[in-house]
Amino acid sequence: MKFSTSSILAIVALSAATHQSDAFSMQSHSRTSFGLRTAPQPTAMRSSPMMIISNTATTALQAALDPASEQETEVQRLKAMATKLRAEVAELESQQASERTKFTEQIFQEFDANNDGDVTLDELKAALERTFKMDIDDERVESLMKDFDKSGDGKLQIDEMVSVEQFRNRLEYLVQDEKRKTSEATRSAAKSAEVSELIESQLALINDRPPTGTDKAISVLPYLFPLMDGLMFGQFLLQDVSNPVIGVIASIYVLYRSIPFSGVLTFFGLSAGSNNLSLNRLVRYNMQQAIYLDFALFIPGIVGAITAAAASGLFGYQLPPGIAEIGSDAVFLTLLATLGYSTVSSLLGAEPDKIPFISDAVNKRVPSIDISMFDSEGRFVPPQLEQKEDDDKEKKD
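Keep in mind it's a predicted model, so treat the numbers as computed, not measured. (Residues numbered from 1 in each chain as written. Predicted model: local features only at pLDDT ≥ 70, side-chain atom pairs only at ≥ 80, totals over all residues. Heavy atoms only, no water.)

Student: Would you take a moment to explain the overall build of the protein chain for this structure?
Tutor: What the protein chain contains, in helices and strands, is 16 helices and zero strands. Sequence-distant contacts in the protein chain: of pairs separated by 6 or more residues, those separated by 24 or more amount to 68%. On the protein chain, roughly 26800 Å² of surface is accessible, and the fraction owed to carbon and sulfur atoms is 61%. (Helix = DSSP H or I, 4+ residues; strand = E, 2+ residues; numbered from the N terminus. Contact = heavy atoms within 4.5 Å. Areas by Shrake-Rupley, 256 points an atom, 1.4 Å probe, with all protein chains shown as cover.)

What follows is the structure in structure tokens.
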């Protein structure tokens, strides 16, 4: 059992008082024993200071040894404080509820334009736009109505607007969402305008405009390349050197062959020119078609070489000389007809795109460029690459 400081002091005082009382008793007894007469003590004097101290210490000790009374007093004090605190909390809650009710009524009156006790969709939209000073999409207002219209009658009553803070938060979210969408739309429009400007600038660099007179004249020059390589098939038809046309062609051919690697240089020159978008489309188109026509001469060249070998008896059988001549003349005349068609069409400003097989290949290689060939970032995507990507997707699927 633990004693407090007051308990210990009470015990010490009681012990001292008891000791003094015993001493006084012994002194009186000694006087009596020796025949000493003592004067009678008054009644008031009988309660000596030591006795008073003893009584006080005894009372203090009893109080110290009985903590139940002190604990009961503390419990009563705490209960009184708790009761007071609950009363204050209840009063505060009542005050807050009253303020919320007043605020709800105020908000509802502001929204209820005709004071009929219901807030319709139009009234809600008008109040929101008036409060936030901005246009709000009808779909957003309908969504807000559905969130708070617990009765499902398409209107808001005052009991459906009890949660003012929730209503306020929902409105703030609505405004923030509208601002976010507006900002995203603005950024998207700005990006689209930037991409469109980029595409327009790139299209301006691509010369797909109608050809000028100079463009038409330049566009026929690439066909000299297949003509020079095809003259060997006209050896039987170009024997009249007195013909001025034949003389001009012969002079050009001699000049062409006098340049080392003339065929290779011409091929790379025409290939580079067909990819130069600053040149007029007609010029680029004819450059690419001239290359393909020159490639097409490889087949009759191989056939002619085999025919010449057979005509000389290399395979043990000699063909009549007229067969090789007829074959060469047919190839040369076909080449002249093709080049003639291409030249006339180009001088008239029209693309010579009616040559079977070859023109189809040229159209794929030199397509007409429009805005649909650019991606969302303004980058040019050639049709061949787009077709390849589509094929790859189909294979994966």
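That was the structure; now back to the text.
Student: Which parts of the structure should I look at to understand the packing of helix 5 (residues 121–132) against helix 6 (residues 138–148)?
Tutor: It is at 10 Å that the axes of helix 5 and helix 6 come closest, and there the two elements cross at 115 degrees. Taken as axis vectors, helix 5 and helix 6 run roughly perpendicular relative to one another. Remark: the crossing between helix 5 and helix 6 carries right-handed chirality. Between helix 5, through Leu 121, Leu 124, Lys 125 and Leu 128, and helix 6, the contact on the second element is made entirely by Asp 138, Val 141, Glu 142, Leu 144 and Met 145. Here the residues of the contact of helix 5 with helix 6 sort into six nonpolar, no polar and three charged. (Axes fitted to C-alpha atoms, helices over the stretch in contact; angles between N-to-C directions. Parallel < 35°, antiparallel > 145°, perpendicular 65-115°, else oblique. Left-handed = near helix turned anticlockwise from the far one by under 90°. Nonpolar A, V, L, I, M, F, W, Y, C, P; charged D, E, K, R; others polar.)

Student: For this particular structure, what's the right way to read the nonpolar core?
Tutor: Leu 270 and Leu 339 are the most contacted members of the largest nonpolar core, which totals 22 residues. Where this core is concerned, the elements lending two or more residues are helix 9 (224–230), helix 12 (281–296), helix 14 (321–347) and helix 15 (358–365). The greatest single-element share of this core, amounting to six residues, is contributed by helix 12. Of all hydrophobic cores here, the second largest spans 16 residues; its members include Ile 107, Val 119, Leu 124 and Met 145. (Core = buried A, V, L, I, M, F, W, Y, C linked by side-chain atoms within 4.5 Å. Buried < 20%, exposed > 50% of the residue type's maximum accessible area, 1.4 Å probe, protein only.)

Student: Before we go on, may I ask you to explain the pattern of salt bridges in this structure?
Tutor: Should their charged atoms come close, side chains of opposite charge can pair. Counted under the stated rule, the structure contains nine salt bridges. Residues Lys 125 and Glu 129 are paired through a salt bridge, measuring 2.7 Å at the closest nitrogen-oxygen approach. On the criterion of helical spacing, the pair formed by Lys 125 and Glu 129 is a turn pair, its members being four residues apart in helix 5. The class for Lys 125 is partly exposed, based on a relative accessible area of 21%. Judged by relative accessible area, Glu 129 falls into the partly exposed class, the value being 22%. As a salt-bridge pair, Asp 353 and Lys 354 come within 2.9 Å of each other at their nearest N and O atoms. (Salt bridge = Lys/Arg side-chain N within 4 Å of Asp/Glu carboxyl O.)

Student: How should the side chain of Asn 280 be read in this particular structure?
Tutor: For Asn 280, the location among the structural elements is in the loop between helix 11 (262–274) and helix 12. Among the polar contacts made by the side chain of Asn 280, one reaches the main-chain amide nitrogen of Leu 282 at a distance of 3.0 Å. Not counting chain neighbours up to four residues away, the residues in contact with Asn 280 comprise Asn 207, Arg 209, Pro 210, Pro 211 and Asp 215. (Polar contact = N/O pair within 3.5 Å; in protein donor to acceptor, adjacent residues only side chain to side chain.)

Student: Help me out: how do you make sense of the confidence of the model for the protein chain in this one?
Tutor: Parts of the prediction with low pLDDT should not have their coordinates interpreted in detail. Per-residue pLDDT for the protein chain averages 76, and the proportion of residues at 70 or more is 69%. Considering only residues more than four positions removed or in separate chains, one finds that residues 1–7, a stretch of pLDDT under 50, has six contacts. Low pLDDT, under 50, characterises residues 16–47; the predicted model gives this stretch nine contacts beyond four residues in sequence or across chains. (pLDDT = per-residue confidence, 0-100.)

Student: Before we go on, may I ask you to explain helix 5 in this structure?
Tutor: Note on helix geometry: an α-helix contains 3.6 residues per turn, so any two residues three or four positions apart are oriented the same way. Between its terminal C-alpha atoms helix 5 stretches 16 Å, which fits the 16 Å expected from 12 residues at 1.5 Å a residue. Burial in helix 5 covers these residues: Glu 123, Leu 124, Ala 127 and Leu 128. The arc that holds the buried residues of helix 5, viewed along the axis, is 130 degrees, so those residues lie on one side. In helix 5, the exposed positions that point more than 90 degrees away from the buried face belong to Asp 122 and Arg 130. Looking one or two residues past helix 5, Lys 133 carries a phi angle of roughly 55 degrees, positive in sign. (Expected span 1.5 Å × (residues − 1). Arc of directions from axis to C-beta.)

Student: What is the right way to look at the packing of aromatic side chains in this model?
Tutor: How two aromatic rings sit relative to each other is set out by the distance from centre to centre and by the angle between their planes. This structure, assessed with the given rule, holds four aromatic pairs. When the ring of Phe 267 is compared with that of Phe 268, the centres are 5.3 Å apart and the planes differ by 70 degrees; the resulting orientation is edge-to-face. By relative accessible area, which is 26% here, Phe 267 ends up partly exposed. In this structure Phe 268 comes out as exposed when scored by relative accessible area, which is 54%. Both rings, one in Tyr 292 and one in Phe 295, keep their centres 6.5 Å apart while their planes meet at 35 degrees; by these two values the pair is tilted. In this pair, Tyr 292 and Phe 295 both sit in helix 12, three residues apart, roughly one turn of the helix. Grouped by ring-pair contacts, the aromatic residues Phe 267, Phe 268, Tyr 292, Phe 295 and Phe 298 constitute a single cluster. (Phe/Tyr/Trp six-rings, centres within 6.5 Å; stacked < 30°, edge-to-face > 60°.)

Student: What am I meant to see in helix 15 here?
Tutor: Buried within helix 15 are the following residues: Ile 358, Ser 359 and Val 362. Projected down its long axis, helix 15 shows its buried positions confined to an angular sector of 90 degrees, all on one face. Contact partners of the buried residues in helix 15: helix 12.

Student: Please explain the packing of helix 11 against helix 12 as it appears in this structure.
Tutor: For any two helices packed against each other, the geometry is given by the interaxial angle and the distance between the axes. Taken N-terminus to C-terminus, the directions of helix 11 and helix 12 make an angle of 145 degrees; their axes are 8 Å apart at the nearest point. As for how helix 11 packs across helix 12, the hand of that crossing is left-handed. In contact with Phe 267, Leu 270, Ser 271, Gly 273 and Ser 274 of helix 11, helix 12 contributes Arg 284, Met 287, Gln 288, Ala 290, Ile 291 and Phe 295. Taken together, the residues that form the contact of helix 11 with helix 12 break down as six nonpolar, four polar and one charged.

Student: What should I look at first to understand the environment of Asp 149 in this one?
Tutor: Within the secondary structure, Asp 149 is located in the loop between helix 6 and helix 7 (164–205). Accessibility expressed as a relative area gives 11% for Asp 149, which makes it buried.

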